[in-house]
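Observations on chain architecture
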Amino acid sequence: SEYISGGWYYPGDIGAFDTEGYLHLRGRVADVIRRGGREIYAAEVEAALIAHPLVADAAVIGVPISATAAHEMVAFVVPRGALTHDEIVRHCRARLPPDRLPDRIYYPNDLPRIAGSKVNRRRLLEIAAEERAQQVGAG
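Every value quoted in this text rests on a predicted model; they were computed, and no experiment measured them.

Strands sit in the order S7-S8-S9 across an open sheet of three strands; the sheet is mixed. Because the sheet does not close on itself, it has two edges, and the strands there are strand S7 (55-64) and strand S9 (104-106). Strand-to-strand twist of the sheet, defined as the mean angle between neighbouring strand axes without regard to direction, takes the value 20 degrees. With three bridges connecting them, strand S8 (residues 71-79) and S9 associate as parallel partners. Its bridge partner being in S9, phenylalanine 76 is matched across the sheet by tyrosine 106. Strand contacts of helix H1 (residues 42-50): S7 and S8, with the helix running at about 150 degrees to S7, the strand carrying the most contacts.

So, about the side chain of arginine 104. Mapping arginine 104 onto the fold places it in strand S9. Polar contacts involving the side chain of arginine 104 include one to the side chain of tyrosine 106, which spans 2.5 Å.

Within helix H2 (residues 85-95) the residues assigned to the buried category are Ile88, Val89, His91 and Cys92. For H2, the buried positions fall inside an angular range of 160 degrees around the axis, keeping them on one side. In this structure, H2 carries Asp86, Arg90, Arg93 and Ala94 as exposed residues pointing more than 90 degrees from its buried face. Against the buried residues of H2 lie H1, S7 and S9.

This next bit is on the pattern of salt bridges. For the coordinates displayed, the defined rule picks out eight salt bridges. With its nearest N and O atoms 2.9 Å apart, the salt bridge here joins arginine 121 to glutamate 46. Taken together, the residues arginine 121 in helix H3 (residues 121-138) and glutamate 46 in helix H1 connect sequence positions 75 residues apart. By relative accessible area, which is 22% here, arginine 121 ends up partly exposed. For glutamate 46, a relative accessible area of 12% corresponds to the buried category. Salt bridges here are not isolated pairs; linked through shared partners, they connect Arg38, Glu44, Asp99 and Arg100.

Relative to the helices and strands, aspartate 99 is located in the loop between H2 and S9. A distance of 3.2 Å separates polar atoms of two side chains, one belonging to aspartate 99 and the other to arginine 38. Apart from residues no more than four positions distant in its own chain, aspartate 99 is found in contact with Arg35, Arg38, Ile40 and Met73.

Right, let's get into the environment of valine 55. When you line up the elements, valine 55 lands in strand S7. Accessibility expressed as a relative area gives 1% for valine 55, which makes it buried. The spacing of valine 55 and alanine 82 is 27 residues in sequence and 9.8 Å in space, taken between C-alpha atoms. Not counting residues within four places of it along the chain, the set of residues in contact with valine 55 comprises Leu49, Ile50, Val77, Val78, Arg80, Leu83 and Ile88.

Time to look at the confidence of the model for the protein. Per-residue pLDDT for the protein has a mean of 81; in total, 76% of the residues score no lower than 70. Between the elements of the protein, mean pLDDT differs from a low of 53, seen in strand S2 (residues 8-10), to a high of 96, seen in H2.

Here is what the cut-offs are and how they apply
Residues numbered from 1 in each chain as written. Predicted model: local features only at pLDDT ≥ 70, side-chain atom pairs only at ≥ 80, totals over all residues. Heavy atoms only, no water. Pairing = 2+ DSSP bridges. Helix = DSSP H or I, 4+ residues; strand = E, 2+ residues; numbered from the N terminus. Axes fitted to C-alpha atoms, helices over the stretch in contact; angles between N-to-C directions. Contact = heavy atoms within 4.5 Å. Polar contact = N/O pair within 3.5 Å; in protein donor to acceptor, adjacent residues only side chain to side chain. Buried < 20%, exposed > 50% of the residue type's maximum accessible area, 1.4 Å probe, protein only. Arc of directions from axis to C-beta. Salt bridge = Lys/Arg side-chain N within 4 Å of Asp/Glu carboxyl O. pLDDT = per-residue confidence, 0-100.

Rendered as structure tokens:
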């Protein structure tokens, strides 16, 4: 993940060079979701969500599942207008392979941010845990 070494800042960005030598950033190490032995980049799922015209903003996190290395994928979608859950699920199924579909989707009014721009993923993890606890407690 992110750290400073020898006076240099290493943000943990992940990328790959194409055949023409261009670098394409895929995400950050901290934003990798492990599922079924595969690594999924949160940015890919977020881009699919944001492509819907009634989605104002979106963030995706991986929530560790017990002691395994796997993650549950949780999406936070800020709706713009009358977006329904069924509509966003259909949208995701049309644009993403099955292993990239979120397990849970929440619809906050906005996303928590750090310094006004960067999504506070640590806070999203807390919110996901709180929501899960409420669901378990209610059932």
